[in-house]
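In case you want the letters, here they are:
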Amino acid sequence: MPDFAFEDKFNGLVVGIDEAGRGPWAGPVVAGAVVFLTRDVDEYLLQNLDDSKKISAKKREVLYQKLLEAKEKGQILLSIGQASAGEIDKLNILQATFTAMRRALDNLGKMPQYALIDGNQKPQNFPCESYTIIKGDARSYSIAAASVAAKVFRDHLMKDLALQYPYYAFEKNAGYGTKAHIEGLRSHGVVNGVHRVSYKPIQLGVL
């Protein structure tokens, strides 16, 4: 379970950053950024925040709403950054992920002194001092909160895209290469600006 041990190593504002959507064939990559301004937040958050992949979709939605409420109360800073499918194709997924992370930081409204980033890859030329933490979304409250925010925000985006493009089952697969998604690609082709055409097998046309 996460705690505040990593955050407590620093004097100053510490932001947790995580992303959602590196693997899907469609949609943007999304980064979340969260700063706990106080530890006096809803107890439900501290008892249930974790790696978003370990939490059910229903529970993630509840946690996300709790995070938005905490933001409204001034207890946390929370922001989202995105990089589009076109940017992923142009930059590659790693650099697009770093772009989304920088945008999430810029959207916070206040620049932290330190960033805790899930994983083992650190963005270059980041606007604050940064540290990578492997499995950070299961070890740091800030990263766990960012993980949930990014995942839920992106899932909502993909459900909206499913209303525009109902042939790919985005509302169920979030853009991953499921059987329904492949069938949609075979029958309706690639959607420019939505599908990541640099991704195989879309790039190779071997669906």
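Before going into details, it helps to say that this report is about the structure given with it.

1. Concerning empty space enclosed by the protein
Okay, so step 1: Applying the stated rule across the entire model yields 1 cavity of 30 Å³ or more.
Okay, so step 2: Looking at the largest cavity, its volume works out to about 40 Å³.
Okay, so step 3: Lining the largest cavity are Asp-42, Lys-66, Glu-69, Ala-70, Lys-73 and Gln-75.
Okay, so step 4: Of the residues belonging to the lining of the largest cavity, the class tally is 1 nonpolar, 1 polar and 4 charged.

2. Some words on helix H4 (residues 93–106)
Okay, so step 1: The terminal C-alpha atoms of H4, which comprises 14 residues, lie 20 Å apart, in line with the 20 Å expected from a rise of 1.5 Å per residue.
Okay, so step 2: Listing the buried residues of H4 in full gives Ile-93, Ala-96, Thr-97, Phe-98, Thr-99, Ala-100, Met-101, Ala-104 and Leu-105.
Okay, so step 3: The inward-facing, buried residues of H4 abut strand E1 (14–20), strand E2 (29–36), strand E3 (76–83), helix H3 (85–91) and strand E4 (114–118).
Okay, so step 4: Where H4 begins, the capping side chain belongs to Asn-92, and its oxygen is found 3.0 Å from the backbone nitrogen of Leu-94.

3. A short note on the packing of aromatic side chains
Okay, so step 1: Under the defined criterion, the tally for this structure stands at 7 aromatic pairs.
Okay, so step 2: With centroids separated by 4.6 Å and ring planes inclined at 25°, the aromatic side chains of Phe-10 and Tyr-114 adopt a geometry described as stacked. One end of the pair, Phe-10, is in the segment before E1; the other, Tyr-114, is in strand E4, with 104 residues separating them in the sequence. We note that Phe-10, like Tyr-114, is buried.

4. Details of the layout of surface pockets
Empty space left among the atoms is revealed by rolling a probe the size of a water molecule over them.
Okay, so step 1: In this structure, the largest pocket encloses a volume near 460 Å³.
Okay, so step 2: Forming the walls of the largest pocket are 26 residues, and the residues nearest its centre are Asp-18, Glu-19, Ala-20, Gly-21 and Lys-53.
Okay, so step 3: Elements supplying a minimum of two residues to the lining of the largest pocket: E1, H4, E4 and helix H5 (141–164).
Okay, so step 4: In terms of residue class, the lining of the largest pocket is built from 7 nonpolar, 7 polar and 12 charged.
Okay, so step 5: Looking at the second largest pocket, its volume works out to about 170 Å³.
Okay, so step 6: What lines the second largest pocket is a set of 13 residues, and nearest its centre among them are Ala-57, Arg-60, Asp-155, Lys-159 and Glu-171.
Okay, so step 7: Looking at the lining of the second largest pocket, the elements with two or more residues in it are helix H2 (57–72), H5 and helix H6 (170–173).
Okay, so step 8: Considering every element that reaches the lining of the second largest pocket, the biggest residue donor is H5, with 5 residues.
Okay, so step 9: The residue inventory of the lining of the second largest pocket, partitioned by class, reads 5 nonpolar, 1 polar and 7 charged.

How each quantity is defined
- Residues numbered from 1 in each chain as written.
- Predicted model: local features only at pLDDT ≥ 70, side-chain atom pairs only at ≥ 80, totals over all residues.
- Heavy atoms only, no water.
- 1 Å grid on protein atoms, 1.4 Å probe; cavity = no way out; pocket = protein on both sides within 12 Å on 5 of 7 lines; lining within 4 Å.
- Points joined across faces, edges and corners; volume = space filled by probe spheres on them.
- Nonpolar A, V, L, I, M, F, W, Y, C, P; charged D, E, K, R; others polar.
- Helix = DSSP H or I, 4+ residues; strand = E, 2+ residues; numbered from the N terminus.
- Expected span 1.5 Å × (residues − 1).
- Buried < 20%, exposed > 50% of the residue type's maximum accessible area, 1.4 Å probe, protein only.
- Contact = heavy atoms within 4.5 Å.
- Polar contact = N/O pair within 3.5 Å; in protein donor to acceptor, adjacent residues only side chain to side chain.
- Phe/Tyr/Trp six-rings, centres within 6.5 Å; stacked < 30°, edge-to-face > 60°.

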